[in-house]
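Remarks on the overall topology
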Amino acid sequence: MRHDEEFKKYANWLKNVSVSVKQTRLYSAAHPAVRESMRIAYLEFEVLFTKQEAITIGFAGDKCVLDGRVIDPRSMKAADFIKLCRKFGIESFVFSKGLTLGEFQKFLDIMSVRPKEVEDKGGFKKIFETIDFEHIKTVSARFEMVQEGEKVAKETEIGGGSSGDGEGSGDLVLDSDEPGAVRNDEISVPQSVTELVDAFRTFSLNNVVCDYGSLHSELSNEPQFAAKLIIRSAQDPEEFKRVLEGMAAFFEGQLTPRYIEDKKDLSKLTTKMAAEIKKHIASPAVSEEFRLVGEQFVAILERCEDEVRIGILEKIYQESNGNLKTLESWSKKLLKKADIQSRVKNLLKDKLVQAGITDEAFEEVYATVSSKNVAKKKTKTSKEAPTLAEGEVAVSSKDLTEMEQKAKELDAIKEQYRLVSKEKKRLQDEQRRLDGVIRRLAAGQIVVDEQANVVMLNQAAERLLGKTNAEAQGKKLRDQLQEEHALAIVHGDLLDTDDVGQDIETSAVSQDVQETIRASTAVVENINGRTVGMLSALSDLIKQKEINEMKSRFVSHVTHELRGPLVAIQKSLGMVIEEEMGELEAKQKVLLEMAHRNMQRLERLVNDVLDMSKAESGALNFKTVSLAALVEQVQNTFAIWAADKKISIKINVSSNNPEAEADQDRIIQVITNLMGNALKFTPEGGTITLEVREAKALEGGLEVGVRDTGVGIAKEDCRRIFERFEQVSGNQPQEVSSTGLGLAIAREIVLKHGGTIWVESVVGQGSCFAFTLPRMQH
Ligand code: ADP
């Protein structure tokens, strides 16, 4: 099989498994979006299992290895799933044929355990082992990236069930590009600082994935080395710029948050690095272009430094529950120099005030920290100052050169300041433009910081919360919510940003629901652009439900009213055709018979529409129902039709206690609809089996199946036939007219009972429609 076909083969499977893992982590298992995505992902398993016995997925860095082939999960929207597996320390999974929906659901359940809980419970493997999976195994297989002139993923050891037609292990070959050309199509995962610098030089920024763990200790131990590498890499201004941009993104995106998290001062690293870069760009041999990008990079380092200081102080303040003494002692440690103090003051104040400090308390702490410095400085100057009479100034020639040197440095600083201000203005303009676009986006968008304080609401989100952006900014998101808002924030705290991906796909059951969810839902992102939750306005959803109910009431009313006259016309036509009212001419009879048939069709349609609206809006009358008795009743109902078509109907009840909690009439309707279809689509001499068994998919539930030996349904049609008015063209038998509503009615009833309905089918061999029901609670 060719490679792109191989990729396609897995693309849907991996994407859908990944989406259902994501959805399960976000919502409760009963959420329609979760159930729908789970069903879709399960179908993908079935598709793959038609051709192979097992699927092996292993993890190597940010890549995955599917049945021995390296696959970039980003192209399949599965990066988050892979990250999660890596975080849980999973080396590989083998899913084998026979996997049930129930097993898959349990798999999703354990994948949605919070990382902290996983740790508390002794790791993912332990949790995994507590469930006796029959068709899912974690296998001890290690995949590692090796460099052998070309980069491939190598499987060093594998402990079981891999399949696929195995063409060797690696597919990920990096072509040797022209020097200086940026490679966009591959991903680099640098493991050392040398590789990191090299990656920024060779790849486009988006294609470099930094693994903080392996990089930061080397970087903090030898910042000068890193700076020298950067300088050495500067072959031309473009390349130098790219490396500096990459490093700046690494400092801003990776190091800064981690240093805040670890409460470590970043300046030890940045000062040394900045000094080295400054030394280099100060050389007259360096061109203006180099100098400019160098200066910008140094300014970014300084900004990161300050961000870490502010971030740590804010964290300290929050963790100590607003203890001012703790804040003071940390401030003294982090804000030693006067220039740093004045630089960070306003921003720090903003953050701390947001966290709850009063203006006065802040000023007090700040005054103690800065006075300590002034006092220090004063004693220092008084010690060093020579005793001079008033008006006297002592300047030695050494002092003079020093002063000149200082003046030059001051000029350089001024110039740097000018450049930074210019850059700042450009960024501000850019940000304003971006904010404008985001604010006008149709979909709701809320940005929060790591403490869940609102940073921005766009217009759709303003409508959703009933608050303006200005009102909500800086306040806790939870405080902005009213009862009607259902909040689905990711399990775990907002810092745990690895948990959810950027985009959450809502694949709700019907188009209507999907539209409403979209219009009344905002995605909550943190400032790093990561989605950390969803917010829905229940009132909108309820309104939609009310409108739907009104619609069904109207339809049911109209169809009910239609039924009366229809029956009357039908009866009259029957009498005329039977020639009770006098003889008919042959031509008249043909026309009237045609009208009679059309009336019958119309009556069936009206009945089905009526059933549909009853299924949608009617209340269920739950009681204990014996499913064995129900299938027998349906068998009797269809006995004559079946005998007429020479089809035998069998019953197979394998559960000892097939009692469910259900609305008897409705469930009879479901089985009748499935049975009617089975008879329609099974040719003479076939067999239909009514099965009742323990549900594999539903904990403690029951499963009813209607299996036929009929024409079967193609895989691509299996999903849509449950939608209203959907039929498979070409397989409609002539003898009975149909409306395409039977399965939609059945699905509606089963969903209302809390069960699921599906079909397994092979064209030319037959189909098995099955649904689950919860068992009676004793
Ligand atoms: P209809 O009134 O057309 O039977 P349904 O919603 O019950 O409407 O079924 C939708 C379509 O699904 C049918 O038109 C048919 O194409 C397909 N279908 C349903 N059951 C079977 C079956 N047992 N075997 C083959 N095809 C089936």
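All residue numbers refer to position in the chain's written sequence, counted from 1. Per-residue local features of the predicted model are confined to residues with pLDDT of at least 70, and side-chain atom pairs are confined, for both listing and counting, to 80 or more; whole-chain, interface and lining totals are unaffected and use all residues. Side-chain numbers come from the whole structure's heavy atoms, not from hydrogens or water.

Below, the discussion takes up unusual backbone geometry. The phi dihedral of E579 is positive, around 60°, even though this residue is not glycine. Using a 1.4 Å probe on the protein chains alone, a residue whose accessible area is under 20% of its type maximum counts as buried, one over 50% counts as exposed, and one in between counts as partly exposed. Its relative accessible area of 29% is what places E579 among the partly exposed residues. With a phi angle near 55°, K646 is a residue other than glycine that sits in the positive phi range. A run of H or I in DSSP counts as a helix once it spans at least four residues, and a run of E counts as a strand once it spans at least two, with each numbered from the N terminus. Note that K646 resides in the loop between helix 22 (627-644) and strand 14 (648-653). Under the relative-accessibility criterion, K646 is labelled exposed at 56%.

Turning our eyes to something else, we now look at the packing of aromatic side chains. Note on aromatic pairs: each is described by the distance of the centres and the angle between the planes. Whether two aromatic rings pair depends on their centres lying within 6.5 Å, for rings of Phe, Tyr and Trp, where Trp uses its six-membered ring; planes under 30 degrees apart make the pair stacked, over 60 edge-to-face, and the rest tilted. Counting across every chain of the model gives 19 aromatic pairs. On the numbers, 5.1 Å between centres and 70° between planes, the contact of F45 with F104 is edge-to-face. A residue pair is termed long-range when its members are at least 10 positions apart, and F45 in helix 2 (residues 32-49) and F104 in helix 4 (residues 101-111) qualify at 59 residues. Among the residues examined, F45 registers a relative accessible area of 1% and is labelled buried. Judged by centre distance (6.4 Å) and plane angle (80°), the ring pair of F251 and F297 falls under edge-to-face. One end of the pair, F251, is in helix 10 (residues 237-262); the other, F297, is in helix 12 (residues 288-319), with 46 residues separating them in the sequence. F297 gets classed as buried once you look at its relative accessible area, which sits at 2%. What links up through ring pairs into an aromatic cluster is the set W13, F45, F49, F88, F93, F95, F104, F107, F124, F128 and F133. Here, a charge over a ring is recorded when the distance from Lys NZ or Arg CZ to the ring centre is within 6 Å and its angle to the ring normal is within 35 degrees. Sitting over the face of the ring of Y259, K264 holds its NZ or CZ atom 5.0 Å from the ring centroid.

Right, let's get into the site of the ligand. For this description, a residue counts as near a given molecule or strand if any of its non-hydrogen atoms is within 4 Å of it. Taken together, the neighbourhood of the ligand is formed by 22 residues, with N677, K680, D708, Q727 and L743 sitting nearest. In this structure, K680 approaches the ligand through a side-chain N or O atom, which is 2.9 Å from an oxygen atom. Each polar contact in these results corresponds to two N or O atoms within 3.5 Å; when the atoms are within protein, one needs to be able to donate a hydrogen and the other to accept it, and residues that are neighboring in sequence are counted only if both atoms are side-chain atoms. In this structure, an oxygen atom belonging to the ligand sits 3.2 Å away from a main-chain N or O atom of T739. Here the accessible surface of atoms and residues is derived via Shrake-Rupley with a 1.4 Å probe, and residues count as covered only by protein chains that are part of the display. Considered on its own, the ligand offers 530 Å² of accessible surface; in the complex 98% of this is hidden by protein. Breaking the shell around the ligand down by element, the ones donating at least two residues are helix 23 (664-681), helix 24 (742-752) and strand 19 (766-773). Per-element tally for the shell around the ligand: the top contributor is helix 23, with four residues. Amino acid classes used here: Ala, Val, Leu, Ile, Met, Phe, Trp, Tyr, Cys and Pro are nonpolar; Asp, Glu, Lys and Arg are charged; the rest, including Gly, are polar. Residues belonging to the shell around the ligand are distributed by class as follows: nine nonpolar, ten polar and three charged.

Another aspect to go through is the nonpolar core. What makes a nonpolar core is a set of buried Ala, Val, Leu, Ile, Met, Phe, Trp, Tyr and Cys residues whose side-chain atoms join them at distances within 4.5 Å. Of all hydrophobic cores here, the largest spans 60 residues; its most connected members are I230, M247, F251 and M273. Counting residues per element, this core draws most heavily on helix 12, at 13 residues. When near neighbours in sequence (up to four residues on either side) are disregarded, F251 contacts L219, T256, L266, L269, T270, M273, L301 and C304. In this structure, A615, V631, L679 and L690 belong to the second largest nonpolar core, which totals 45 residues. Any two residues whose heavy atoms approach within 4.5 Å at even a single point are treated as in contact.

Let us now look at the side chain of T256. One can find T256 in helix 10. Non-local contacts of T256, meaning those with residues more than four positions away in its chain, are made with F251, L266, C304, E307 and V308.

Before going further, it helps to spend a moment on the sheet that holds strand 17 (residues 702-708). Should DSSP find at least two bridges between two strands, the strands are regarded as paired. Taken in spatial order, the five strands make up an open sheet running 14-16-17-19-18, and their pairing is mixed. This sheet does not close on itself; its edge strands, each paired only once, are strand 14 and strand 18 (757-762). Across the sheet, the axes of successive neighbouring strands diverge by a mean angle of 15°, strand direction being ignored. For strand 16 (residues 687-694) and strand 17, the ladder comprises seven bridges, and the chain directions are antiparallel. Counted as the bridge partner of L690 is V706 from strand 17. Where helices are involved, their axes are fitted lines through C-alpha atoms of the stretch in contact, as for all axes, and angles between N-to-C directions lie from 0 to 180°.

We now examine the packing of helix 12 against helix 14 (residues 338-355). Two numbers describe how helix 12 lies on helix 14: the axes approach to 10 Å, and their chain directions differ by 40°. Here helix 12 runs over helix 14; the crossing is right-handed. On helix 14, the residues that touch E302, E305, D306, R309, I310, L313, E314, Y317 and Q318 of helix 12 are I340, R343, V344, L347, L348, K351, L352 and A355. By residue class, the composition of the contact of helix 12 with helix 14 is nine nonpolar, one polar and seven charged. Handedness of each helix crossing follows the sense of rotation of the near helix against the far helix: counterclockwise by less than a right angle gives left-handed, clockwise gives right-handed.

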